[in-house]
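A look at the structure
The residues making up each chain are set out below.
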Amino acid sequence: MGTSSGSASTLIVSDLSATSYQVTGLIASTTYYFTVTAASSSGTSAASNQASATTSAPATTSSSCHITYTDQNDWGVGFTGAITITNTSATPITSWTLTWAYSGNQALNQSWNGIYTQTGQTVTITNASWNGTIAPGANLAGIGFNANYTGTNVNPVTFYLNGTACN
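Conventions and cut-offs
- Residues numbered from 1 in each chain as written.
- Predicted model: local features only at pLDDT ≥ 70, side-chain atom pairs only at ≥ 80, totals over all residues.
- Heavy atoms only, no water.
- pLDDT = per-residue confidence, 0-100.
- Contact = heavy atoms within 4.5 Å.
- Pairing = 2+ DSSP bridges.
- Helix = DSSP H or I, 4+ residues; strand = E, 2+ residues; numbered from the N terminus.
- Axes fitted to C-alpha atoms, helices over the stretch in contact; angles between N-to-C directions.
- Buried < 20%, exposed > 50% of the residue type's maximum accessible area, 1.4 Å probe, protein only.

Moving on, we come to the confidence of the model for the chain. Put simply, the chain has an average pLDDT of 85, and 78% of its residues get 70 or more. Predicted confidence for residues 1–6 stays below pLDDT 50, and this span has 25 contacts to residues more than four positions away or in other chains.

What follows is the structure, encoded as structure tokens:
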């Protein structure tokens, strides 16, 4: 069985005795073309008619939020971070709690427009009394903090709002 785009082809499986085969590791939103040949001690058959299959786009998460995390000012042993929470759902977000984990030794020492706690590498910021509700489609900007670190300062990549992963 081979896959091709135009005239090029790549063998993806050989010596298969099953009547079906599941191809894995394909790129999302891409069309692949397949032909099949049979081989025996007598030789190899002509290729079958070409068939095509298009992979689907990656599944989107059911996340109701998007987080923008920015390292606004880094001075080598500390930095100022800024966060914007976007409510991508059709319902308000209330009494929010934002959580993430650092891969290094970053340690918050001050926050504004949110109340922080930190245990090891895990940071939690909860809403202040005046910004606990985020309307549908709205951005809540102005959440910020100062932190210290040694070594490297790598931005976190996974954020959870009220226990749900944000994309």
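Take the sheet that holds strand β12 (residues 115–119) next. In sheet architecture, strand pairing relies on hydrogen bonds along the backbone and comes in two forms, parallel and antiparallel. The antiparallel open sheet is built from five strands, whose spatial order is β12-β13-β10-β16-β17. Of all the strands in the sheet, just β12 and β17 (164–166) have a single pairing partner and so form its edges. Going from strand to strand, the sheet's axes swing by 25° on average, the running direction of each strand aside. The pairing of strand β16 (residues 159–161) with β17 spans three bridges and is classified as antiparallel. The partner of Tyr160 across the bridge, within β17, is Ala165.

On to the environment of Trp75, then. Here Trp75 lies in the loop between β7 (65–74) and β8 (78–87). Classification of Trp75 as partly exposed rests on a relative accessible area of 45%. Discounting residues that sit within four places of it in the chain, Trp75 has contacts with Thr80, Asn146 and Ala147.

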